[in-house]
Structures are given as C-alpha cells and as structure tokens.
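Coordinate analysis (summary)
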Amino acid sequence: MMLSWKQLILLSFIGCLRGELLLQGPVFIREPSNSIFPVGSEDKKITLNCEARGNPSPHYRWQLNGSDINLNMEYRYKLNGGNLVVINPNRNWDTGSYQCFATNSLGTIVSREAKLQFAYLENFKTKMRSTVSVREGQGVVLLCGPPPHSGELSYAWIFNEYPSFVEEDSRRFVSQETGHLYIAKVEPSDVGNYTCVVTSTVTNARVLGSPTPLVLRSDGVMGEYEPKIEVQFPETLPAAKGATVKLECFALGNPVPQINWRRSDGLPFSSKIKLRKFNGVLEIPNFQQEDTGSYECIAENSRGRNVARGRLTYYAKPHWIQLIKDVEIAVEDSLFWECRASGKPKPSYRWLKNGEALVLEERIQIENGALTISNLNVTDSGMFQCIAENKHGLVYSSAELKVVASAPDFSKTPMKKLIQVQVGSMVSLDCKPRASPKPLCSWKKGDMIIQENERISFLKDGGLKIANVTKADVGTYTCTAENQFGKANGTTHLVVTEPTRITLAPSNMDVSVGESVILPCQVQHDPLLDIMFTWYFNGALTDFKKDGSHFEKVGGSSSGDLMIRNIQLKHSGKYVCMVQTGVDSVSSAADLIVRGSPGPPENVKVDEITDTTAQLSWKEGTDNHSPVISYSVQARTPFSVGWQTATTVPEVPPSEVSGGGGSRSELVITWDPVPEELQNGEGFGYVVAFRPLGVTNWIQTVVTSPDTPRYVFRNESIMPFSLYEVKVGVYNNKGEGPFSPVTTVFSAEEEPTIAPSQVSANSLSSSEIEVSWNTIPWKLSNGHLLGYEVRYWNNGEEESSSKVKVAGNETSARLRGLKSNLAYYTAVRAYNSAGAGPFSTTVNATTKKTPPSQPPGNVVWNATDTKVLLNWEQVKATENESEVTGYKVFYRTSSQNNVQVLNTNKTSAELLLPIKEDYIIEVKATTDGGDGASSEQIRIPRITNMDARGSTSAISNVHAVSSYIPVVFFIVNALW
C-alpha cells in the first residue's frame, strides 16, 4: 500500500505524540447502574455515574432511549465530570435507558445501559366494597386490587381496626403476589371488616383500601369438601442464577387442607430449601441450575387431594469468559480479536467502533463473536467494544486498536556492541529494531554480504545464527532493516575465544589433624580473557581474609591452588574450585577427610555400686573418621597414686523380665534383649529358668537367638492362672553370666465356661435398646475378667451381626444407631485374655417408632416482669411415628449457654422468670421414641415497666392478642 507524504508526516506526528505523551484511549472506571427514584422524595435530583480514564482526558455525552440528551438544558440536566445529574426528575420525561459516551482523540466507548425507573404508589379509590356473604365452613377469597403503582409491593390485612392484623396460619394466607386474603374455612370468629394494606418496599409509602365486610349466611353450615387450590405458581417460571425464588400455594377446603411440596422427579430437596408460612411458601435461595425442574404442591384433607405443578427454568445474564485487550499492530498486518461469554440462553455478539455499530466489509468480518480485520491501515485505529447479549442482559468489553506505521529504529532496541563466544559453540546475533510494518533484514560482515549456508542461517525475527563458530568468524556484523517508510543499520562485534580447561584438578584426600595440604586448580585459557578463581567449602564461598590463618590461595596467573595449613577436624568436607571468564566457567570438586582422635564418651553414669563392684555405662562419642577400637576404663581412690586401669565385666542380664497371658496350658515369659555392645563375645544367648511358686527346683531351658524377646512353655500339667517364679540369665562362648532378679508371673488363664444369665432387652427409643444381664460366677482359674461381648442382629440375619464390648464390671450395654420400629435379637458372652465363653440364650426387643417430624407450631407468649406464659399448637403423630406423651420447654438467657428444661403434658406452660434480660425459648414434643422436632426459636425481650406478648411469627410483625389478660403489648417494627 502506498501512502502520501501527508500521511507519512501525520504518522510520524502520531508516533511522536504516543512516545512523548503515552496516549491512551478512554477506559471506564465507573459506569451507570440501574436506579429507582421514589416519587415525592425530598431529594430533587438523581445522579447517574460515569467516569473514564484516558490521555487526553475524555469528554462525555449521554443518551436517553437512544437519543442524545441536550446538556444545554441546564434547568433539567447538569454534567458533573462525567456524571449526569437529572434535576427535578419526572417519571413522564425521564424514565428509560441511559448510556454514557466517553471520547478522546483516540476514540469513543459506550457504557452499559442503565435503566431509571420511578417508584410510586397511588391511593385506593374511595369507592365502598361490597359485603361478602359466605356459609360457615366455606372458603373465601378477599380481593385486594392494589392501586396504580411502580416498584415492588408488600401486602397485609387489617381485621376490623388497626392495629389488629390478620395472623397467617394453616387456615389464613396473604399472597405477596396478588395481595389477596385467602381463608380456607370460614369460622364465626372471622366475621368482621377486612382492609387491605399495601406498602411500597422502595418508598415505604403505605395506603389502605376500603373495608370489605365479611358476614355469615343464615342458610346453614357448609359441608366437608376436597381441597381447591386457589394460590398457585405459573406453569413455567424463569429464575435467574443466584436469585431467591419463592413459590406460593394455598387451598380452600373443609377440613382445612394440609400443604406439602415435592419435586416431580422424586429427588429430595436440598438443605437450603425452606418452607415458610405453614408450608404455604417454598423458598429456594441462591438459585442454581441444579434447582431447575418440576415442583408439585399437594393440598390434602380427609375429603381428597389436589395437586398444582409448575416448572422452574434457569437463566443467566451473559458473563465474560474471555475479554478483549488493547493491541498495537503494524500497518498491513491482520487483527484477530475474540471475545467469549457464558449465559443461558447462549449469548449473541455485536461489535462497536468508537461508539457506533461496526460496518462490515470484505476485509472486516465477524464470526461467532470473533472480529477479523485484514490488511490493516491507520484509519482502523480506534476504540472497539464487543457486546455479548441475551434476552436477560448484556455486557461490554472494551479495548483500543493502535495501527502503527514507522521506519526501522534501533534507538530503543540497540544491537549488542560486543559478543564473546567459544570456538565450536553456536551464537545468535539479534536484529530487532522497532518498525511497522515488520522490516526486511539483510546482513554484512565488514563490507561483504552474508549468504546462508550449512553453518549460517537467517532467523524469522531478523537475527543471524552461526553454528560451530571458528576463529574465522571474528569481525563486525551489520544488520540493515528496511520497510516502505525507511531503513536503519545496527552493528555488533563478534570475538571468538578458546574454551577454558582445567589442566590440574583437586582430588580427594585423606589427612590427619595438624597436617598442611594443597588442593591444586590449574587451567588453560584464552589470553584475550580475564580469569577469576573462587573456592567453595561445603557450598559456602571461602573468605580468605576471615580464615587467613588456615586458607591461602597460591600459584601464578593460571593457577588457583588452595593451601590449607594446620588442618583441623572442622575442615572436613567438599571443596569446589570455580574458574570464570567473560564467556564461560568450569569447576571441579574434591572431598577432604580429616581424621583425628576420638571424642570423649558421652553421658557417663555409675550405677549399682556394691562393696566390690560398680556398674558403669556411657554413649559413644564422635569417632572423627577413625573407628573406635576399644575403651579404657580408669579409676582412682583417695588411697591410690593417680589413675589406674580398672578390671571390667561388661556382660549384663536382660531387663524388664515379665510375662503372662497366652493360651490354655501355657507359661509366657518375656524380656528386653541385651544390646549387641553388651554381649561381650560370640555365641550369645539366654538361660530361662522358672518354677511353680513354693517349689524348690528350677526348670531351665536355653534360647540361642540373642534377639529373641520371649519364651513360651507348653505343658498340660500347667494349671490355669497359677503363679510362677521366673528369671532370665545370659551366656556366651566364654561362659554364663548373671541372672536377672526373680519375678513372678501368672500362667495362662482359662476362658469362661458359663454364659451370662437373666439376659433381657428393653427398647429405649427409636434408635436405642438396652441389654442387661447378671454377672457370671467367677473362679480363680479364670484370671481377670476383661469384659462382656454383646452380639445383635435383625431380621434373623445372624451372619451379619454387629457387636459391642463393655468392661468386666458392667452388667448392661446400650445398642445405638438402630433402625426404628424393627425387632432386634441379641446374646451376651464373657471373655478374658484366653478367649470368649459361650453365648447366653437369645432375647429380642423392638425399637420404638420415630418421634414426630412436625414441630410444635404457633408458639405464642405473654410476659410480665416475673413470668412467661406459653401456648402452642398440639403436635399430631402420623401412623409411623410415636405418639406424643408430652412436651419439653427449653429456655435460657441470651447471655448464657446453660439450657433449662420444663416437662409438661399440656400445650401450655408457665415459666416463673424474672425478665431482666432476653430469653431464648423453644418447644419439642416428647414420645417413647425420643424428642420430636424443635419449634422455631423465639426471643422474649427484656421487660422494663410493661407487659409484652408475641409469637414465633414475630418476624412477620404478627403477635398474639389475648382477650382474657389485660396487658399492654408492643409490636416490633410497627406499621405506623
């Protein structure tokens, strides 16, 4: 491509600016985000953020719904930096999607879209609502019909007059989707006026509808009928990744229907799923793809059942996997930019250049989100943005494309002035000037043009490679780089030297303390190169100044010999001579062993002193590379003249002689073997002697292995659990040594021969059975009773039985972790070290049914400064659950962990508690099968000078109201 002189001058000017000013296209630091403006707010303006960095600094403009905003309308808009300030926002003019454009001389980028919405809630129409007339026992739906609004709402209903709100339970339900009040089965106490209360969660504004009277018809009571589901979720409901999904379900019916949930595919609910509002709401926090599928709500009473189904589908906004990055490419080259994003459904892609849709042409193509531009020119430079989008959102990725054109220039990447290499090596000469497009490179040596051959080759990056270098390759090399914008030269001088070789290397040496040695290190090297010798001792650099009394470097210019004077033990180790030049380095190592007298024995001890002997022991000291041949023991007394050699007897008997255990008719004797250093000669072994207690003669035997630690004597005449005296002596080829002190051991025990009696099994709960028995008669020959073994199984499968063991002083064992409502069989036997006895007769017991899974519901409390009154709903066990026998009330102060328990067989309790601080209370049903599920914890706040009351539904701002206790009560987070 040919460029005009004007273009060349412009390119040079742009290159100069980029080098001096480090130009940078705009990059967003902050972008606008979705905003909701409360109508009627005291704040009379709203700010949409936009900030970008760049050089030169960017300037800004904004669009609303795709049209430029006139920033000259100062009474409506103000630009603060890049931020757009909307003055006196109006929902009729200012609602919509906003985008910020940041521009400098290098290009323009567009921000993500930010939606501005206005939240408002108008009043209900004042028109009176018609009376709703129903039969007792009939279900009814009271419609709310919220007024015109924008923004999320919440709903509640007032019964008769404020602050009496409808309490939701299994019979009454307020939908947060429609706002309607649903009563599954109308009772006479429901007669009254109902008012819908609508609250904006954005503005906190609250409006009340007109009361709806509810009266009973006089034509009789409605009979029982099957559930009719009135509140249900859509057949298909898309849910965003990470969102909290709430599904509502409620049914009318007589009796009041029970609501349950399940997945249609039969999979269990994950632990994060919660059931709220008496099972009327299924809540799935942090929604993920594995939570998709069909869900079923089952409404059931004694007259029948009904099922509502709906499918949750998963969607995710686009999320970047691969972003585009700034690139600088030479003119005439090609660009390949790829951006990739994940999302569901799969995102599509489009590209912008300087804030406008990229115009495609033959050399500019987009395929699967990837942008390709061939034969680049300077006008292609600018700010590009890749946009990934699906129907749920879009994301932007921005980057700058710089297309550069310049003549070759070595000023930033100069060639090396001097390169030194060895004969026979390979060398590469770099030639990498800055140039756009890439230049063509040619080489000269002196004035001679270089051609490729078997040793010389041109590299793709413009460099020159020479293999098997010789002295003839010495000289000055010039690289000429050229493109259509100019050319430039660079030179380097090549010096070829002979390799350095060690001609006399240090060798391994073995010396004695006090000697002096020389470790040689002599080399042959190229005279053009300077040479340096260094020595390392055990990996550390030798400091000749610090260790000058021992170390000295000797020899001429080509020698680095190391002299070590007056060698000491500390000088043992590895010595390395390192020889370095400007182009290479060589090294050689040698081991130096310094031998000296052994170090002193360590930890010398004198034991067992008698009239004529003393036991002496010690540990070996360092041998200093010379094995210890012998030890000389000297002694002196106040009456001796100096130290004198003592007579020694190193042979000692085994220690820790003991025994016992084994099988019937066995005597087991054990000891610690004598260490080899104390055996004092060849043919070492043991003499084992034993006799029944009270008998004069010893029975002896010989154990010939010096490492053997035990001996077992077997004979039918050995009585069980009888006392024997034992001792163990030593011998070697020189004769016998001493025996150990005499000790007593028992012969082997006799295993139990009688089974435990009076064995019984008693079911304690749904997972525990207690087995008890009488102790077996014991006799001396049985030795020590170690314990009892309890074996148990179910369904007659004795082969797969389990077992537990208890100590010998126990007469019962508790079997845990059993299955509920199942017969278990068990038998017991005693055991000792000789083995186990016979099993008892088999007994059985059936575990109890599991406790109820339903917790006590609707826990209501009334509190004074001295006591707390509690009421809750009765827990009903299902057919496969244990019957409820009572309730446990667990209570503690909020500052303590010590829980107290009150037992009752009623559905109410009175706690005499001084309410000086908060109390935490929960209730469980009790059954023969154990405790049931716990109610939700309730917190009773500290009372100062008034009474209070509440319930487990306090989170929903609903508290119990009693008509028979005249107390003042308060409501947390009151509506007014």
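Residues numbered from 1 in each chain as written. Predicted model: local features only at pLDDT ≥ 70, side-chain atom pairs only at ≥ 80, totals over all residues. Heavy atoms only, no water.

To keep things clear, this is the line we draw: UniProt positions are given in the numbering used here, feature names are shortened, and annotations may be inferred rather than shown by experiment.
The name given to the protein chain in an unreviewed UniProt entry is Contactin-2, with the source organism recorded as Zalophus californianus. UniProt's Sequence similarities (unreviewed entry) comment on the protein chain is quoted here verbatim: "Belongs to the immunoglobulin superfamily. Contactin family." Among the UniProt annotations of the protein chain, the heading Subunit (unreviewed entry) holds the following wording: "Interacts with PTPRG."

1. Looking at the sheet that holds strand E48 (residues 486-497)
Applicable threshold: Between any two strands, at least two bridges found by DSSP are needed for them to pair. Under the scheme used here, helices are H or I runs from DSSP no shorter than 4 residues and strands are E runs no shorter than 2 residues, and both carry numbers assigned from the N terminus.
One open sheet accounts for five strands, arranged E40-E48-E47-E43-E44; its pairing is mixed. Of all the strands in the sheet, the pair left with one neighbour each is strand E40 (418-422) and strand E44 (448-449). Across two bridges, strand E43 (residues 440-445) lies against E44 in antiparallel orientation. Bridging from a neighbouring strand, lysine 445 pairs with methionine 448 of E44.

2. What about the UniProt feature "domain: Ig-like" (unreviewed entry) in the protein chain?
Feature annotation in UniProt places "domain: Ig-like" (unreviewed entry) on residues 26-117, 122-208, 227-313, 318-402, 408-497 and 499-593, given in this structure's numbering. Helix makes up 0% of residues 318-402 and strand 62%, whereas the separation of the span's terminal C-alpha atoms amounts to 28 Å.

3. What about the state of the cysteines?
Under the convention used in this document: Criterion for a disulfide: a pair of cysteine sulfur atoms at a distance within 2.5 Å. For every residue, the accessible area obtained with a 1.4 Å probe (protein chains only) is divided by the maximum for its type, and the residue is called buried under 20%, exposed over 50%, and partly exposed between those limits.
For the structure shown, the criterion picks out six disulfides. Two residues, cysteine 249 and cysteine 297, share a disulfide whose sulfurs are 1.8 Å apart. In this structure the cystine formed by cysteine 249 and cysteine 297 twists about its S-S bond by roughly -75°; its chirality is therefore left-handed. Residue cysteine 249 is located in the loop between strand E23 (245-248) and strand E24 (250-254), and its partner cysteine 297 is located in strand E28 (residues 293-301); the two are separated by 48 residues in the primary sequence. Residue cysteine 249 shares its accessibility class with cysteine 297, and that shared class is buried. Each sulfur of the disulfide joining cysteine 339 and cysteine 386 lies 1.8 Å from the other. Handedness of the cysteine 339-cysteine 386 disulfide follows from its S-S torsion of about 45°: it is right-handed. Of this pair, cysteine 339 sits in the loop between strand E31 (335-338) and strand E32 (340-344) while cysteine 386 sits in strand E37 (residues 382-390), and the two are 47 residues apart along the sequence.

4. Examining the packing of aromatic side chains
Put simply, the test is: Ring pairs are drawn from Phe, Tyr and Trp, using the six-membered ring of Trp, whenever the two centres fall within 6.5 Å, and their geometry is named by plane angle: stacked under 30 degrees, edge-to-face over 60, tilted for the rest. By definition here, charges over rings are those cases where NZ of Lys or CZ of Arg is within 6 Å of the ring centre and within 35 degrees of the ring normal.
Applying the stated criterion across every chain, the model contains 20 aromatic pairs. Note that lysine 277 overlies the ring of phenylalanine 173, its terminal NZ or CZ placed 4.5 Å from the centroid. Lysine 805 extends its terminal NZ or CZ atom over the ring of tyrosine 831, reaching a point 4.6 Å from the ring centre.

5. What about unusual backbone geometry?
With an omega of 5°, the peptide bond between asparagine 55 and proline 56 qualifies as cis. Topologically, proline 56 is positioned in the loop between strand E4 (51-55) and strand E5 (59-64). Of note, lysine 277 is a non-glycine position whose phi angle comes to about 50°, a positive value. Assignment of secondary structure puts lysine 277 in the loop between strand E26 (274-276) and strand E27 (281-284). Despite not being glycine, asparagine 624 has its phi angle at roughly 50°, a positive value. If you trace the backbone, asparagine 624 turns up in the loop between strand E60 (615-619) and strand E61 (634-635).

6. Some thoughts on the sheet that holds E37
Within the open sheet, the five strands sit side by side as E30-E38-E37-E33-E34. Their pairing is mixed. Edge positions in the open sheet fall to strand E30 (327-330) and strand E34 (356-357), since each of these has one partner strand only. Note: strand E33 (residues 348-353) against E37, six bridges, orientation antiparallel. Across the sheet, the residue bridging to arginine 350 is isoleucine 387, located in E37.

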